[in-house]
Amino acid sequence: MKKLNSRVWKRFLAVGKPFWFSTERWVARGLLLLLIVMLAIYTYTTVAIGKRTGELTSALADKDGNRFWDAILPFVIVLLIAIPINAGYYLVRDKLAIYWRRWMTRQYLGHYFGNRAYYDLTSNPAIDNPDQRIADDISNFTFKSLSFFLIAVNGLMALVGHGMVLWDLSKVTVFALAIYAVVGTLVTTFVFGKPLTGLNFTQLKREADFRFSLIRVRENAESIAFYQGELREAGLVKDRFGEAFRNYNKLLTWQFYLAAFQYANSYVIYVLPYLILAGPILANELEVGRLVQAGFAFTAILAALNLVIDHFDSLSKFTAGIDRLDSFVKTLKSSDPRRQDPNETVIESKEGDEFRLENVTLKTPGGERVLIDDVSLTIEKGSGLVISGPSGCGKSSLLRAIAGLWNAGSGTVVRPKMSEILFLPQRPYMVLGTLRTQLLYPKTELVIPDDELVKMLKTVNLQHLTEKEDGLDAELDWSKVLSIGEQQRLSFARLLLIKPKYAILDEATSALDQANEEMLYEQLEGTDTTLISVTHHPAVLQYHRQVLQLLGEGKWKLEPCGPGTMTKPVLNSGEGILGVVPTAPA
């Protein structure tokens, strides 16, 4: 248990400490100091209320009207102080929590989108549901961290303030209370600690998995409907919920045991003060009001000493959230989340003026199979490349390696700056926003006149989109409004507007008829953009200078584009033209 607590504490500091030493540290520390001052005033008012309540009770017991009315005015003044302090405390606490959350969210998002970690995490089974960790776990962490810290500070202040009151009334009560609280805390920590922390961690994962399965159904509703896969998807969602349900039942059982212990532990406050103070009161050594005052102080001190017992279930959930955030941020901060073995060779990426593959061997992520063996080629400006081959031979994987998204293998990929490259996938990404945003993505900062944008839509046969009521300012769910063919034409409009030095097209015209495909490639031929295309369509060859055929089992061949190029017999690995740019066929 000692090792567990040490590990949790180290992880808590790793996750939470940076905010308090960031550029926002002075605002954060100022608000925290204000909260501590407000807690001190709150503690003073509760001690004063306890004393005033005892005084009022004694006055009524003695039927002393003057004493009663003399005690009322200070009591009202204390209440008037306590009310705004209590209300303001929660406002300041929640403001500090949201500032902390904002800072952490920005940091995590920076790491998440930096170095394309969001992409690498898709193949990292150790990090599940990163969306939940950013949206929910950070929020819970910041709020609960502040809550538990302030509860502890308040408990310490209450222990001192009310302890002094109770010490004057009965030293025996103080000793009995301390022993009782220590024993209860030890039992709670050692008996309930490990089971509840583990079950809460698992529950967070199970709930996230269940929610993710529902999101997948929503995002793929049309495909599921076409396949009539409702029963299978419903079964999967029910299985995910069943796992969450079974774990939650185990959690409920342990929470029942903990609750039973907590209630049994707390009920002692109804008996112990009376048992200890009954003798002095019956012997007329203490006033009845002192018993009320002692009970008030006793309750406050017991709550302070029982912090771990009373909040243990929340603490176990909090601990589980710390583990998830700690593992997440460590993965995000790693230089290459995909790279598991530091001794394993990988495909290196370098910047240059042109595309060049130097002895690149492409493997599956686990290194079990060679997709492409020792390929070398150069793609100079204006000498486009077609990549072709049967399904599963590694075409898309090679594009990922060229773009720096795949490093399983060996060799070197030299490429221009990523800002000079535009990638057109088979299923284009439709960003949230206006039609104008769709046309300019990802270079949405570009300023292009509206008439030029409208002209471009007409060029790619999408002029009907400007007929909508808001025209270029229309905001729709474009991924659902447009067919795949329309989305592909829209992505070509982006390419023609942005005019990158290189464009990588992965089956970017698969949903288009031959006339539209040829029209779009002819538009590109009139630009300075060099094309790298994955395609099965021989008609596309005329817009490129060379073709790399992937033949399976690591074999390949490189040759100039020409009639019948994609229908020649299969050659062994390395046959063809290597390391040079062939001249255009006559």
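The structure reproduced in this document is the subject of the present report. Note that the structure is predicted; figures quoted are calculated from it, not measured.

Focus on the overall build of the chain
Stage number 1. Scanning the chain for helices and strands turns up 18 helices and eleven strands.
Stage number 2. Residues counted as buried form 45% of the 586 residues belonging to the chain.
Stage number 3. Relative to all contacts within the chain whose residues are 6 or more apart in sequence, the contacts with residues 24 or more apart total 74%.
Stage number 4. When the accessible surface of the chain is summed, it comes to about 30,800 Å², and 59% of that surface belongs to carbon and sulfur atoms.

Some remarks on the nonpolar core
Stage number 1. Counting residues in hydrophobic clusters, the biggest one holds 37 residues, and the most contacted among them are Leu 96, Met 104, Tyr 108, Phe 141 and Phe 328.
Stage number 2. For this core, the elements supplying multiple residues, two or more each, are α1 (2-16), α2 (25-61), α3 (65-113), α5 (130-169) and α12 (312-333).
Stage number 3. Ranked by the residues each element gives to this core, the list is headed by α3, at ten residues.
Stage number 4. The contact partners of Met 104, leaving out residues within four places of it in the chain, are Val 15, Ile 138, Phe 141, Thr 142 and Leu 325.
Stage number 5. By size, the runner-up hydrophobic cluster in this structure holds 35 residues, among which are Leu 435, Leu 505, Leu 520 and Leu 531.

Looking at a nonpolar patch on the surface
Stage number 1. On the surface, a cluster of nonpolar side chains totalling about 630 Å² of accessible area is made up of Ile 179, Val 182, Val 183, Leu 186, Val 187, Phe 190 and Val 191.
Stage number 2. Mapped onto the fold, Val 187 is located in helix α6 (residues 171-219).

As for the pattern of salt bridges
Stage number 1. Tallying each qualifying case throughout the model produces twelve salt bridges.
Stage number 2. Residue Arg 93 is joined to Asp 94 by a salt bridge in which the shortest nitrogen-to-oxygen separation is 3.1 Å.
Stage number 3. Of the residues examined, Asp 94 reaches a relative accessible area of 36% and is grouped as partly exposed.
Stage number 4. Each of Glu 354, Arg 356 and Glu 358 takes part in a single network of salt bridges with overlapping partners.

A closer look at the sheet that holds strand β1 (residues 348-351)
Sheet strands associate in pairs through backbone hydrogen bonding, adopting either a parallel or an antiparallel arrangement.
Stage number 1. Strand order in the open sheet formed by four strands is β1-β5-β2-β3, with mixed pairing between adjacent strands. A strand with exactly one partner marks an edge of an open sheet, and here the two such strands are β1 and β3 (370-379). Across the sheet, the mean angle separating the axes of adjacent strands is 10° when strand polarity is ignored.
Stage number 2. Pairing of strand β2 (residues 355-363) with strand β5 (residues 409-415), which is carried by five bridges, proceeds in the antiparallel orientation. Paired with Leu 357 across the strands is Val 413, a residue of β5.

Digging into the environment of Ala 474
Stage number 1. Structurally, the position occupied by Ala 474 is in the loop between α15 (450-459) and α16 (478-481).
Stage number 2. For Ala 474, a relative accessible area of 5% puts it in the buried group.
Stage number 3. In this structure, the C-alpha to C-alpha distance between Ala 474 and Leu 435, residues 39 residues apart in sequence, is 5.8 Å.
Stage number 4. Setting aside its immediate chain neighbours within four residues, Ala 474 contacts Gly 433, Thr 434 and Leu 435.

Structural notes on the packing of α15 against helix α17 (residues 484-498)
Stage number 1. Contact pair α15 / α17: the axes reach a minimum separation of 9 Å and the direction vectors enclose 130°. Looking at the two axes, α15 sits oblique to α17. Between α15 and α17 lies a crossing whose hand is right-handed. Residues Leu 453, Met 456 and Leu 457 of α15 form the contact with α17, whose participating residues are Leu 490, Ala 493, Leu 496 and Leu 497.

A word on the packing of aromatic side chains
Stage number 1. Taken as a whole and judged by the stated rule, the model has 17 aromatic pairs.
Stage number 2. A ring pair is formed by Phe 19 and Trp 20, whose centres lie 5.1 Å apart and whose planes are at 75°; its orientation type is edge-to-face.
Stage number 3. Ring geometry for Tyr 89 against Tyr 90: centres 5.1 Å apart, planes inclined by 75°, an arrangement best described as edge-to-face.
Stage number 4. Owing to a relative accessible area of 11%, Tyr 89 belongs among the buried residues under this scheme.
Stage number 5. The structure contains a cluster of three or more aromatic residues connected by ring pairs, namely Trp 9, Phe 12, Phe 19, Trp 20, Trp 100, Trp 103 and Phe 141.

Some details on the environment of Ala 508
Stage number 1. With respect to the helices, strands and loops of the structure, Ala 508 is situated in the loop between β7 (502-506) and α18 (514-525).
Stage number 2. Judged by its relative accessible area of 4%, Ala 508 is buried.
Stage number 3. Sequence separation of Ala 508 and Ser 491 is 17 residues, and the distance between their C-alpha atoms is 8.5 Å.
Stage number 4. With residues near it in sequence (within four places) discarded, Ala 508 still touches Leu 424, Pro 425, Gln 488 and Phe 492.

Some thoughts on the packing of α17 against α18
Stage number 1. In contact at an axis separation of 10 Å, α17 and α18 are set at 10° when each is read in the N-to-C sense. Judged on the interaxial angle alone, α18 and α17 are roughly parallel. Note on element contacts: α18 touches α17 through Asn 516, Leu 520, Gln 523 and Leu 524, opposite Arg 489, Phe 492, Leu 495 and Leu 496.
Stage number 2. Looking at the contact of α17 with α18 residue by residue, the classes come out as five nonpolar, two polar and one charged.

Concerning α15
Stage number 1. Within the sequence span of α15, burial applies to Leu 453, Met 456 and Leu 457. The buried residues of α15 occupy one face: seen down the axis, they fall within an arc of 100°. Facing away from the buried side of α15 by more than 90 degrees, the exposed set consists of Asp 451, Lys 455 and Lys 458.
Stage number 2. Phi turns positive one or two residues past the end of α15, at Asn 461, with a value near 60°.

Let's talk about α17
Stage number 1. Its 15 residues give α17 an end-to-end C-alpha distance of 21 Å, which sits within 8% of 21 Å, the value for a rise of 1.5 Å per residue.
Stage number 2. Where α17 ends, the next residue or the one after it, Lys 499, has phi of about 55°, a positive value.

Some points on unusual backbone geometry
Stage number 1. Here the bond from Tyr 441 into Pro 442 is cis, since omega is 5°, no more than 30 degrees from zero.
Stage number 2. As for its position among the elements, Pro 442 is in the loop between α14 (435-440) and α15.
Stage number 3. One non-glycine residue, Glu 507, adopts positive backbone phi at about 50°.
Stage number 4. Within the element layout of this structure, Glu 507 appears in the loop between β7 and α18.
Stage number 5. In this model, Glu 553 sits at a positive phi of 55°, which is unusual for a non-glycine residue.
Stage number 6. The topology assignment puts Glu 553 in the loop between β9 (546-552) and β10 (555-560).
Stage number 7. Note on Glu 553: relative accessible area 73%, which makes it exposed.

Reading the values: the criteria
Residues numbered from 1 in each chain as written. Predicted model: local features only at pLDDT ≥ 70, side-chain atom pairs only at ≥ 80, totals over all residues. Heavy atoms only, no water. Helix = DSSP H or I, 4+ residues; strand = E, 2+ residues; numbered from the N terminus. Buried < 20%, exposed > 50% of the residue type's maximum accessible area, 1.4 Å probe, protein only. Contact = heavy atoms within 4.5 Å. Areas by Shrake-Rupley, 256 points an atom, 1.4 Å probe, with all protein chains shown as cover. Core = buried A, V, L, I, M, F, W, Y, C linked by side-chain atoms within 4.5 Å. Patch = residues over 30% accessible without salt bridge, like charges linked within 9 Å, V, L, I, M, F, W, Y side chains within 5 Å. Salt bridge = Lys/Arg side-chain N within 4 Å of Asp/Glu carboxyl O. Pairing = 2+ DSSP bridges. Axes fitted to C-alpha atoms, helices over the stretch in contact; angles between N-to-C directions. Parallel < 35°, antiparallel > 145°, perpendicular 65-115°, else oblique. Left-handed = near helix turned anticlockwise from the far one by under 90°. Phe/Tyr/Trp six-rings, centres within 6.5 Å; stacked < 30°, edge-to-face > 60°. Nonpolar A, V, L, I, M, F, W, Y, C, P; charged D, E, K, R; others polar. Arc of directions from axis to C-beta. Expected span 1.5 Å × (residues − 1).

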